Amino acid sequence: MRLLTVYQHFYRAYGPQHWWPGETPFEIMVGAVLTQNTAWSNVEKAIANLVAADALSVSAINQLSPSELAELIRPAGYFNVKAKRLQNYCAWYQAAGGFEVLQHWSDHDLRVALLAVNGVGPETADDIMLYAFERPVFVIDAYTRRIFQRLGVFTGGEGYETLRSEFETRLAREFKEDLPARIQMFNEYHALIVRHAKEACRTKPACSQCCLRKQCPGRVD
Ligand code: SF4
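Predicted, not measured: the structure shown is a model, and the values here were computed from it.

Novice: Hey, could you go over the overall build of the protein for me, with residue numbers and the actual values?
Specialist: A count of helices and strands for the protein gives 12 helices and 0 strands. Ordered by position in the sequence, the α and β elements of the protein form the string α-α-α-α-α-α-α-α-α-α-α-α. For the protein, the spread of C-alpha atoms along the three principal axes comes to 55 × 35 × 30 Å. Counting the 221 residues in the protein, one finds 49% classified as buried.

Structure follows, in structure tokens:
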């Protein structure tokens, strides 16, 4: 099945998702670090606490003690670990010159640098690449693996980098628009995958409500 066909089904079924929920690139980065292993509603509470404490900035986060930051982001869960990760990220971001400088780095250099920050894994790095820096990187998460394994597109056992590269290569071939349009499509596609995993292709899938039920070899009802 073509990856673009899946995207078109999702888009017709759900419409635009308006991701990433965040008003500035820095807020998107903070959200990407905090969203690991927790629901987005908890991240929103943590970000609201940072805003209320006037601490949603690189300098403010770097100046807080780890325990003060952990208290503010407590709603996001794993708050001690995430406070450390967020401060690692902000220390790197500030030292690198912030958005003004980093926006000029190549895709490769930026991704390598993000992955070198202690506590930033591939999914977080790619959330930041795609949604904060608007680079042509496809985000892979557990929802992506589940849906595309059930659709018979992948086995589900592929590594992160293999899946990312497959999505990027195939979509570059199937989607003939220019780079900005492809980046926008990657943005929308990942958001639609998350939506589909919550609406239909859940742990126990609701196949009767699925826009892909006619094509899906993994459907169960
Ligand atoms: S038919 Fe079922 S298993 Fe296949 S994508 Fe839809 S919800 Fe998932």
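Novice: Residue-level account of the side chain of Arg-164, with values.
Specialist: Turning to its location among the elements, Arg-164 is positioned in helix α11 (residues 160-174). For Arg-164, a relative accessible area of 14% gives the class buried. Within polar-contact distance, the side chain of Arg-164 engages the side chain of Glu-161 at 2.7 Å. If we skip the residues at most four places from it in the chain, Arg-164 touches Arg-111, Asp-126, Val-137, Phe-138 and Ile-140.

Novice: Could you give an account of the site of the ligand, with specific residues and numbers?
Specialist: Around the ligand lies a shell formed by Arg-150, Leu-151, His-196, Ala-200, Cys-201, Pro-205, Cys-207, Cys-210, Arg-213, Cys-216, Gly-218 and Arg-219. Partitioned by chemical class, the residues of the shell around the ligand number 7 nonpolar, 2 polar and 3 charged.

Novice: Account for unusual backbone geometry, naming residues and giving values.
Specialist: Of note, the bond from Trp-19 into Trp-20 is cis; its omega dihedral lies within 30 degrees of zero at -5 degrees. Mapping Trp-20 onto the fold places it in the loop between α1 (3-14) and α2 (25-34). Phi at His-18 is positive, roughly 60 degrees, even though this residue is not glycine. Tracing the backbone shows His-18 in the loop between α1 and α2. The backbone of Glu-134 sits at a positive phi, close to 55 degrees, despite the residue not being glycine.

Novice: Run through the pattern of salt bridges, naming residues and quoting values.
Specialist: Two side chains with opposite charge may pair up if their charged atoms get near one another. Summed over the entire model, instances satisfying the criterion amount to 8 salt bridges. The partner of Glu-71 in a salt bridge is Arg-74, with the nearest N and O atoms 3.2 Å apart. Glu-71 gets classed as partly exposed once you look at its relative accessible area, which sits at 46%. Residue Arg-135 is joined to Asp-107 by a salt bridge in which the shortest nitrogen-to-oxygen separation is 2.7 Å. One end of the pair, Arg-135, is in the loop between α9 (122-132) and α10 (142-150); the other, Asp-107, is in helix α8 (residues 107-116), with 28 residues separating them in the sequence. By relative accessible area, which is 7% here, Arg-135 ends up buried. For Asp-107, a relative accessible area of 32% gives the class partly exposed. A single salt-bridge network, built from bridges that share partners, covers Arg-111, Asp-126, Glu-161, Arg-164 and Glu-168.

Novice: Any details on the packing of aromatic side chains? Residues and values, ideally.
Specialist: Any aromatic ring pair is given by two values, namely how distant the centres are and how the planes are angled relative to each other. Taken as a whole, this structure holds 20 aromatic pairs when the rule is applied. Note on Trp-19 and Tyr-131: the rings are 5.8 Å apart at their centroids and 55 degrees apart in plane angle, and the pair reads as tilted. Placement of the pair is Trp-19 in the loop between α1 and α2 and Tyr-131 in helix α9, with a sequence separation of 112 residues. Judged by its relative accessible area of 27%, Trp-19 falls in the partly exposed class. Relative to Phe-167, the ring of Phe-154 has its centre 5.5 Å away and its plane inclined at 40 degrees; by these criteria the two rings are tilted. Placement of Phe-154 in the loop between α10 and α11 and of Phe-167 in helix α11 is noted, with a sequence separation of 13 residues between them. Of the two residues examined, Phe-154 and Phe-167, each falls in the buried class.

Cut-off values and rules
- Residues numbered from 1 in each chain as written.
- Predicted model: local features only at pLDDT ≥ 70, side-chain atom pairs only at ≥ 80, totals over all residues.
- Heavy atoms only, no water.
- Helix = DSSP H or I, 4+ residues; strand = E, 2+ residues; numbered from the N terminus.
- Buried < 20%, exposed > 50% of the residue type's maximum accessible area, 1.4 Å probe, protein only.
- Polar contact = N/O pair within 3.5 Å; in protein donor to acceptor, adjacent residues only side chain to side chain.
- Contact = heavy atoms within 4.5 Å.
- Near = heavy atom within 4 Å.
- Nonpolar A, V, L, I, M, F, W, Y, C, P; charged D, E, K, R; others polar.
- Salt bridge = Lys/Arg side-chain N within 4 Å of Asp/Glu carboxyl O.
- Phe/Tyr/Trp six-rings, centres within 6.5 Å; stacked < 30°, edge-to-face > 60°.

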